[in-house]
Amino acid sequence: MKRSGPLFTLLAGLLLALFMLSLNVTSGTRSTSTGSESSGDVVSASPTPTASPPSGKPSPSPSPSPSKTAVPNADYAGRTDDDSSAVAVTLRDGKAVAYFCDGKDQESWLKGDVEADGSMRLTGRNGNVLTGELKGKRIRGTVDMGQRDYGFTADKAVKPSGLYRATATVRGAEVDGGWIVLPSGRQVGILNRAGKPSPAPRIDPETGVVTVDGQKLTAKPVTP
């Protein structure tokens, strides 16, 4: 019995040491496990990239420029408001040529551009100016002849109505004639012989043939 006392004491100490060792191992395992779980719980997520704001406002799309539609090619002829003279205007590809004539001794050739809206400002010698506007099938405007303005209306002309001109040398003299054939068939014109104006002889509206001092000439339609 005396020998068994130390033995029991040694055995008890051994059991206590084994218990403490297992306790330490268990605590370390739990600590390691807890640490792993903790590190697993913390997830490092990259922030979702956001679109950077534009450096400036986007450039607006350029507005299409309005198309510039040229006025149609056509001829116009008519009378002044006081019925003293005639006016003819020929339009071709945005250009215009006009003739003012009283059938006696006053005339003017004018030319210029026609805007897309039908407005025009034509100029001639001696500062003469024709301003007009095309509306539908009619040109309404004014001819400034220096000492006087003439309002006029010229309606769309159908051949043989329109504007004609003939230039030639007849018996040594320079001849220059202008004719306006009105829609009614009436003709108004001036023939210049060496710079001296006089009423023009009648032309054949179908062929343009005219006889000047016994010589046949051909008056042709005028275009810009």
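Structure: see above.
Criteria and thresholds
- Residues numbered from 1 in each chain as written.
- Predicted model: local features only at pLDDT ≥ 70, side-chain atom pairs only at ≥ 80, totals over all residues.
- Heavy atoms only, no water.
- Helix = DSSP H or I, 4+ residues; strand = E, 2+ residues; numbered from the N terminus.
- Pairing = 2+ DSSP bridges.
- Axes fitted to C-alpha atoms, helices over the stretch in contact; angles between N-to-C directions.
- Core = buried A, V, L, I, M, F, W, Y, C linked by side-chain atoms within 4.5 Å.
- Buried < 20%, exposed > 50% of the residue type's maximum accessible area, 1.4 Å probe, protein only.
- Contact = heavy atoms within 4.5 Å.
- Salt bridge = Lys/Arg side-chain N within 4 Å of Asp/Glu carboxyl O.

Trainee: Looking at this model, I keep getting lost on unusual backbone geometry. Mind explaining?
Mentor: With the exception of glycine, most residues fall at negative phi, and the peptide bonds are largely trans. In this chain, K159 is followed by P160 through a cis amide linkage whose omega measures 15°. As for its placement among the helices and strands, P160 is situated in the loop between β8 (149-157) and β9 (162-170). Of note in this structure, N126 is not a glycine but carries a positive phi near 60°. On the secondary structure map, N126 appears in the loop between β5 (119-124) and β6 (129-135). Of note in this structure, A194 is not a glycine but carries a positive phi near 55°.

Trainee: Can you walk me through the sheet that holds β8 in this structure?
Mentor: Strands belonging to one sheet form pairs held by backbone hydrogen bonds; the direction of such a pair is parallel or antiparallel. With respect to topology, 8 strands assemble into a closed barrel ordered β1-β2-β3-β4-β5-β6-β7-β8, the strand pairing being antiparallel. For this sheet the average axis-to-axis angle between neighbouring strands, irrespective of direction, equals 25°. By the bridge criterion, 7 bridges tie strand β2 (residues 86-92) to strand β3 (residues 95-101) in an arrangement that is antiparallel. Note on β3: the bridge partner recorded for V87 is F100.

Trainee: Explain the nonpolar core to me, please; I cannot follow it from the model alone.
Mentor: Across soluble globular proteins, nonpolar side chains show a tendency to be buried alongside one another. With 21 residues, the main nonpolar core has V89, L91, M120 and L130 as its most contacted residues. Within the residue set of this core, elements represented by two or more residues are β1 (74-80), β2, β3, β5, β6, β7 (138-144) and β8. When residues no more than four places from it in sequence are discounted, the contact partners of L91 are V71, P72, N73, A74, Y76, A96, V114, M120 and L134. By size, the runner-up hydrophobic cluster in this structure holds 14 residues, among which are C101, A157, L182 and V188.

Trainee: Even after reading the chapter, I still don't get the pattern of salt bridges, so can you show me in this structure?
Mentor: Any two side chains of opposite charge can pair if their charged atoms end up close together. Counted by the stated rule, this structure contains 10 salt bridges. The closest approach of N and O atoms between R140 and D81, which form a salt bridge, is 2.7 Å. With a gap of 59 residues between them, R140 in strand β7 and D81 in the loop between β1 and β2 connect regions that are remote in the sequence. Across the pair R138 and D155 runs a salt bridge, and its minimum N-O distance is 2.6 Å. Separated by 17 residues along the polypeptide, R138 in strand β7 and D155 in strand β8 bring together distant segments of the chain. On the basis of relative accessibility, which here comes to 31%, the residue D155 falls in the partly exposed class.

Without other data, these values stay purely geometric and don't point to any function.
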